[in-house]
Amino acid sequence: LKEGGFGLVLQGGGIAALYLTVFAAAKMYSLMPAGAAFALMFIIVMLGAALAVLQNAQVLALMATAGGFLAPILTSDGSGNHVGLFSFYLLLNIGILTIAWFKTWRLLNWIGFVFTFVITSAWGVLDYEPHLYASTQPFLIAFFALYLTVSILFSLKQPPNLKGLVDGSLTFGLPIVAFGLQTALLKHTEYGLAISALILSAIYILLARVLWANYQTTHRVLIESFIALGVTFATLTIPLALDAQWTSATWALEATGLIWVGLRQQRFLPRFAGYLLHIAAACSLIIHGIDAGAIPLIAGDFISLLILA
């Protein structure tokens, strides 16, 4: 154990014990009101983040964060108070975001991400019901926004010799996990998923535009990653909202745009994505079944076939 290491272990254990004590005092023994416990935990989170940053001690941040995430589980009485649980996790994640502003600690980001989304996913599978939507959706949005910010900060805060480095696992893992949870929340709705996919597409395209205006030369990988995610969710919006005929036509137009961009920029990846999307458009129409219609050239799939051609 290197010099000072044992002191960091003691500090991490002490912070975790504080989490456990406050959580148990409020939830198990009703020794303090929930508002006071919430405020006290926020202070503990911020102090733990400050200690980790000031001592440049990632191990302290890891121990304090892991202890914080485990505290509600260890003190759970089975009441299923998801609002209290997610509020506490939101505080812990604010601490991770605060540290991410000063330090590029990828492991800490991943510990928080995994704990947050694994535990929330487990709750969703075991306890979620449609009537809990209003008290659950805001937390999913908050967690997504928080870790999207963390993934951007990880790239922006890199030292000069690593400028533009991207945490690909978090950048691409976050939308996959978040949209999977969104699917569980909105599976009982007709257009909820389509609207969600469209909003995600707009968010990623807008972020790519902002980053392009300020970091075009240094953060091209992050910008292109966000563009790819924006295009992916825009593509996903179509089959979630429309029938196969409109899906085919829209995908064909989008494929043409991708191929055109790839040819103009002499880049293979957009062209390849466009070719695959064009094939998918054709398959969508074929699977749907091509219909000549009662009036040729006006009814049926003539317009879709024309666009595809």
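Residues numbered from 1 in each chain as written. Predicted model: local features only at pLDDT ≥ 70, side-chain atom pairs only at ≥ 80, totals over all residues. Heavy atoms only, no water.

Peer 1: What exactly am I supposed to notice about the side chain of T171 here?
Peer 2: Residue position: T171 is located in helix α7 (residues 168-186). A polar contact of 2.9 Å, which involves the side chain of T171, links it to the backbone oxygen of D167. Aside from chain neighbours lying at most four places away, what touches T171 is S151, V166, Y204, L222, S225, F226 and L229. (Helix = DSSP H or I, 4+ residues; strand = E, 2+ residues; numbered from the N terminus. Polar contact = N/O pair within 3.5 Å; in protein donor to acceptor, adjacent residues only side chain to side chain. Contact = heavy atoms within 4.5 Å.)

Peer 1: In this structure, what is going on with unusual backbone geometry? I would like to understand it.
Peer 2: Unlike most non-glycine residues, S30 shows phi in positive territory, near 55°. Here S30 shows up in the loop between α1 (5-27) and α2 (34-54). On the basis of relative accessibility, which here comes to 59%, the residue S30 falls in the exposed class. At N56, a residue that is not glycine, the phi angle is positive and equals roughly 50°. Residue N56 is classed as partly exposed on the basis of its relative accessible area of 49%. (Buried < 20%, exposed > 50% of the residue type's maximum accessible area, 1.4 Å probe, protein only.)

Peer 1: Could you clarify how one ought to interpret the pattern of salt bridges in this entry?
Peer 2: Two side chains bearing opposite charge may form a pair once their charged atoms approach each other closely. Across all of its chains, the model carries 1 salt bridge by this definition. A salt bridge links D167 to R106; its shortest N-O distance comes to 3.1 Å. In this pair, D167 is assigned in the loop between α6 (133-156) and α7 and R106 in helix α5 (residues 106-127), connecting sequence segments 61 residues apart. A residue is classified by how much of its surface remains accessible, and D167, at 1% relative accessible area, is buried. On the basis of relative accessibility, which here comes to 38%, the residue R106 falls in the partly exposed class. (Salt bridge = Lys/Arg side-chain N within 4 Å of Asp/Glu carboxyl O.)

Peer 1: What is the right way to look at helix α9 (residues 220-241) in this model?
Peer 2: Residues three or four positions apart in an α-helix share a direction because the helix packs 3.6 residues into each turn. Helix length check: α9 (22 residues) gives 32 Å between terminal C-alpha atoms against 32 Å at 1.5 Å per residue, within 8%. Within α9 the residues assigned to the buried category are L222, I223, S225, F226, L229, G230, F233, T235, T237 and I238. (Expected span 1.5 Å × (residues − 1).)

Peer 1: What is the right way to look at the confidence of the model for the chain in this model?
Peer 2: Predicted coordinates in areas of low pLDDT are best not read in detail. Of the residues in the chain, 87% have a pLDDT of 70 or more, and the chain-wide mean is 83. Looking across the chain, the model is least confident in helix α12 (residues 302-308), with a mean pLDDT of 72, and most confident in α6, with 94. (pLDDT = per-residue confidence, 0-100.)

Peer 1: I tried to follow the packing of aromatic side chains on my own but got confused; where do I start?
Peer 2: Aromatic rings considered in pairs are described by the distance between their centres and by the relative angle of their planes. For the structure shown, the criterion picks out 18 aromatic pairs. Considering the side-chain rings of F113 and Y147, the 5.8 Å spacing of their centres and the 70° angle between planes classify their relative orientation as edge-to-face. Within this pair, whereas F113 is found in helix α5, its partner Y147 is found in helix α6, the two being separated by 34 residues in sequence. For the pair F113 and Y147, a shared accessibility class is recorded, and that class is buried. Relative to F143, the ring of F117 has its centre 6.4 Å away and its plane inclined at 70°; by these criteria the two rings are edge-to-face. Taken together, the positions of F117 in helix α5 and F143 in helix α6 put the pair 26 residues apart, joining distant regions of the chain. For F117, a relative accessible area of 4% translates into the label buried. Exposure remark for F143: the relative accessible area of 2% places this residue in the buried category. Three or more aromatic residues link up through ring pairs in this structure, and these residues are F86, W110, F113, F117, W123, Y128, F139, F143 and Y147. (Phe/Tyr/Trp six-rings, centres within 6.5 Å; stacked < 30°, edge-to-face > 60°.)

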